[in-house]
Amino acid sequence: MTKSSPPPITAGTVINDRYEIRQSLGKGGMGEVFLAFDRSTQQTVALKVVREESRMPGDDEALRQELLLARSVGHPNVCRVHDLAPSLWGPILVMEQIPGQTLHTHIRKRKAAGGYSADEFRKIASEVCNGLAAIHAQGLVHGDLKPGNVMVSEGRTVILDFGFAQERARASARKPGAPPDGGTPNYMSPERLRSGGASPEDDVYAMALTLWEMWTCRVPEPGYKPRVKPMKQQIMFDVPAGLSHDEIRQIFRGLNEDPAMRPQARHMRFFNPSQLTTSPIQLPRERLDPGPPPGGALRTNFTPGAQSLLISYASNAPDIVGTLLPLDKPVITIGRRSDQDIVLSEATVSGAHATLRWQTGTWLVEDHGSTNGTYADFNYERKTQVSLLHGGEVQLGECRLKLVTFGSDSPHHKKAKQYLAKRDGLTGLLVREYLMKAIDEDGLFAEWTEVPMQIARFELRGPNRQVSERPTILEMLALRKAAQRVIDLTEMLLLSLTPAVAGRTGPLKFAVSVVGPSLDEARHVVEQVVAQVQGILPETLELAATLVKFEPGRPARTLVD
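Residues numbered from 1 in each chain as written. Predicted model: local features only at pLDDT ≥ 70, side-chain atom pairs only at ≥ 80, totals over all residues. Heavy atoms only, no water.

The name given to the protein chain in an unreviewed UniProt entry is Serine/threonine protein kinase, with Chondromyces apiculatus DSM 436 as the source organism.

Colleague: What is the right way to look at the overall build of the protein chain in this model?
Modeller: Of regular secondary structure, the protein chain possesses twelve helices and 23 strands. Out of the 561 residues belonging to the protein chain, those deemed buried represent 52%. Look at the contacts in the protein chain between residues 6 or more apart in sequence, and 62% of them connect residues 24 or more apart. Per element, the accessible surface of the protein chain, about 25200 Å² overall, is 52% carbon and sulfur. (Helix = DSSP H or I, 4+ residues; strand = E, 2+ residues; numbered from the N terminus. Buried < 20%, exposed > 50% of the residue type's maximum accessible area, 1.4 Å probe, protein only. Contact = heavy atoms within 4.5 Å. Areas by Shrake-Rupley, 256 points an atom, 1.4 Å probe, with all protein chains shown as cover.)

Colleague: Hey, could you run me through the packing of aromatic side chains in this one?
Modeller: Working definition: an aromatic ring pair is given by the centre-to-centre distance plus the angle between the planes. Under the definition given, this model contains nine aromatic pairs. Note on F121 and F270: the rings are 6.2 Å apart at their centroids and 80° apart in plane angle, and the pair reads as edge-to-face. Highlighted residues: F121 in helix 3 (residues 118–137) and F270 in the loop between helix 7 (245–254) and helix 8 (296–300), separated in sequence by 149 residues. Side by side, F121 and F270 carry an identical accessibility label, which is buried. Taken together, the ring pairs connect F121, W212, W215, F252, F270, F445 and W448 into an aromatic cluster. Seen from the ring of F252, R227 lies directly overhead, with NZ or CZ sitting 3.9 Å from the centre. (Phe/Tyr/Trp six-rings, centres within 6.5 Å; stacked < 30°, edge-to-face > 60°. Lys NZ or Arg CZ within 6 Å of the ring centre and 35° of its normal.)

Colleague: What is the right way to look at the sheet that holds strand 20 (residues 453–461) in this model?
Modeller: Across a sheet, paired strands are connected by hydrogen bonds in the backbone, their directions being either parallel or antiparallel. Here four strands make up an open sheet; going across it, the order is 21-22-20-23 and the pairing antiparallel. Only two strands of the sheet have a single neighbouring strand rather than two, namely strand 21 (502–506) and strand 23 (542–549). For this sheet, the mean angle separating the axes of adjacent strands, direction not counted, is 25°. Of the strand pairs in this sheet, strand 20 and strand 22 (residues 509–515) are connected by seven bridges, and their pairing is antiparallel. Within strand 22, the position partnered with I455 by the bridge is S513. In the packing of helix 11 (residues 473–493) onto the sheet, contacts are made with strand 20, strand 21, strand 22 and strand 23, and the angle to strand 22 comes to roughly 5°. Sitting on the sheet, helix 12 (residues 519–534) is in contact with strand 20, strand 22 and strand 23, with an inclination near 170° to strand 23. (Pairing = 2+ DSSP bridges. Axes fitted to C-alpha atoms, helices over the stretch in contact; angles between N-to-C directions.)

Colleague: Just checking my understanding: could you explain the packing of helix 11 against helix 12 for this structure?
Modeller: Between two packed helices, the angle of one axis relative to the other and the distance separating the axes together describe the packing. With their axes 10 Å apart at the nearest point, helix 11 and helix 12 run at an angle of 140° to one another. Our classification of the angle between helix 11 and helix 12 gives oblique. Where helix 11 crosses over helix 12, the two elements pack in a sense that is right-handed. Of the residues in helix 12, those touching helix 11 at A482, R485, V486, L489, T490 and L493 are V525, Q528, V529, Q532 and V533. Classifying every residue of the contact of helix 11 with helix 12 by side-chain character gives seven nonpolar, three polar and one charged. (Parallel < 35°, antiparallel > 145°, perpendicular 65-115°, else oblique. Left-handed = near helix turned anticlockwise from the far one by under 90°. Nonpolar A, V, L, I, M, F, W, Y, C, P; charged D, E, K, R; others polar.)

Colleague: How do you make sense of the sheet that holds strand 19 (residues 399–404) when you look at a structure like this?
Modeller: One open sheet accounts for five strands, arranged 11-10-19-18-16; its pairing is antiparallel. Of all the strands in the sheet, the pair left with one neighbour each is strand 11 (324–326) and strand 16 (374–376). Within this sheet the neighbouring strands show an average axis-to-axis angle of 30°, counted without direction. Here three bridges tie strand 10 (residues 308–314) to strand 11, and the two strands are oriented antiparallel to one another. By the bridge assignment for strand 11, S308 is matched with P326. Docked against the sheet, helix 9 (residues 411–422) engages strand 10 and strand 11, running at close to 10° with respect to strand 10. The strands touched by helix 11 within the sheet are strand 10, strand 16, strand 18 (393–396) and strand 19, with strand 18 carrying the most contacts at an inclination of about 155°.

Colleague: Explain helix 7 here, please?
Modeller: Structural remark: α-helix, 3.6 residues per turn; residues separated by three or four positions point the same way. For helix 7, a buried count of nine out of ten residues is recorded, marking the element as mostly surrounded by other parts of the structure. Within the sequence span of helix 7, burial applies to D246, E247, I248, R249, Q250, I251, F252, R253 and G254.

Colleague: For this particular structure, what's the right way to read the side chain of E441?
Modeller: Summarising the element assignment, E441 is placed in helix 10 (residues 432–449). In this view, E441 contacts R227, F252, R253, N256 and M261; residues no more than four positions away in its chain are not counted.

Colleague: Mind showing me how you'd approach the packing of helix 3 against helix 6 (residues 200–216) here?
Modeller: Orientation of helix 3 relative to helix 6, taken along the N-to-C sense of each, is 170°, at an axis distance of 11 Å. One way to sum up the angle between helix 3 and helix 6 is to call them roughly antiparallel. Crossing geometry of helix 3 relative to helix 6 is assigned as right-handed. Judged by residue contacts, F121, I124, A125, V128, C129, L132 and H136 of helix 3 engage P200, D203, V204, M207, L211, M214 and W215 from helix 6. Of the residues assigned to the contact of helix 3 with helix 6, the class counts are twelve nonpolar, one polar and one charged.

Colleague: It is not clear to me how the pattern of salt bridges should be interpreted in this structure. Could you clarify?
Modeller: Overall, the coordinates contain 37 salt bridges when judged by the stated rule. Between R337 and D339 there is a salt bridge, with its nearest N and O atoms 3.0 Å apart. Here R337 falls in the partly exposed class, since its relative accessible area comes to 42%. In this structure, the salt-bridge partner of D440 is R557, at a minimum N-O distance of 2.6 Å. Here D440, found in helix 10, pairs with R557, found in the segment after strand 23; they are 117 residues apart in sequence, far enough to count as distant. Take R557: its relative accessible area is 35%, and that puts it in the partly exposed class. The network of salt bridges with common partners includes D377, E393, R400, K402 and R480. (Salt bridge = Lys/Arg side-chain N within 4 Å of Asp/Glu carboxyl O.)

Written as structure tokens, this is what we have:
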């Protein structure tokens, strides 16, 4: 005997003796969404009914995971999911009902009215980024971000309809070369169109295309590449004219075909139109994360291996950078000799360089009259003692060590090694390989938006340059201090929303990309920066800078040297 199909869901249908259907709100990838009245809570809810014909093995478990994970997000820009229950029509997801209209409808209305204002665009863009960042912070992927899954409600913008459950259930059944399932091809990244598989990077691409649609008022065709033609040839209303270069550049970067070059959602910033402020914003810069600070018990009682030293820089032994050295005793000797507790192969570290002593959550580094000295951060003088707190750094000779709380091969350690592969451990600037890619990206952006671009090239000069290309320790410490201050001042003077692209190009040289200002404006910024940074350098050293103009049609990296 075959199981009879339940009657179609219409207005007035009551599901599970609790949810009274008012109307259909539309059909999506996994089912149909209805407006319903919850008789138990006396509230209006949205009900997603998963169609039997679209279900696959594993979907029920994926839906359960979707409920648990979606509940964990808890963010005003993400739709709340209340419950999951079986029904005659299939599983139902009970969700917060968001009044308003989809961004898809909103865009069509704005198109008829002459497009978005810059501040209206900023508000929606900020809230979509914040919502997606909250989803990614829980280790989740949306999988189907598009204007139809974004609700513009009263006073807020809300991301709807997690698509990751179906995508995850189907991903295991996908065969190489099969067309991608789940999601909407019009908003998929190039890598997902090629081989499927939702990812945070694919979500960022979909978000950038969603924001791009607000400028063009056109649904992109699958595989459409906005970066191929100049921006102004493609947009219907010049919303970008009211935005900063950084705000536009974030969307340009989000549309990069290389997923590794796209920004993370949590790092995307837009000026807050309600505050209309130009006060400094905390820039989302990459950093060497030392792990969580030690708790009260670890501060009062020594615990072997609870803290370690991470080698972040070594002039003569680059192969040891990223190595983790556990602190397993309260008194530890460190040096180049084999009889030391911690042996460092860096040539400028003395045989028995220093002793580390644990003192109530702090490590005291005591120098033993070493040949090349021990140095604290942001100081040029040799130290006989350095107090090392969690996340702090000490320099022994030409080797830098950072106090961290993670273990070897832990996720934190892997991230630290990835950071040190991409960035110079002395200055925090990009290493040459990554600098060139980032500079080229800025050059492509300058061409796309038809704005000026310059490369500011900085160099520390002193009497030692006439003798040797090898920097002295004083010069290394000055380079670190100068580079970090140059970046901070440049970003402040340019009212940056994104970190400046900057990298080390030589022993005492580094370059900074300046996109947007004219040549004269950029020159004024560089002159101010040099004048201020010179005051924090030793008297024997001078910071010199040259500015080189980018010409479209050639790779921007050619300006670095």
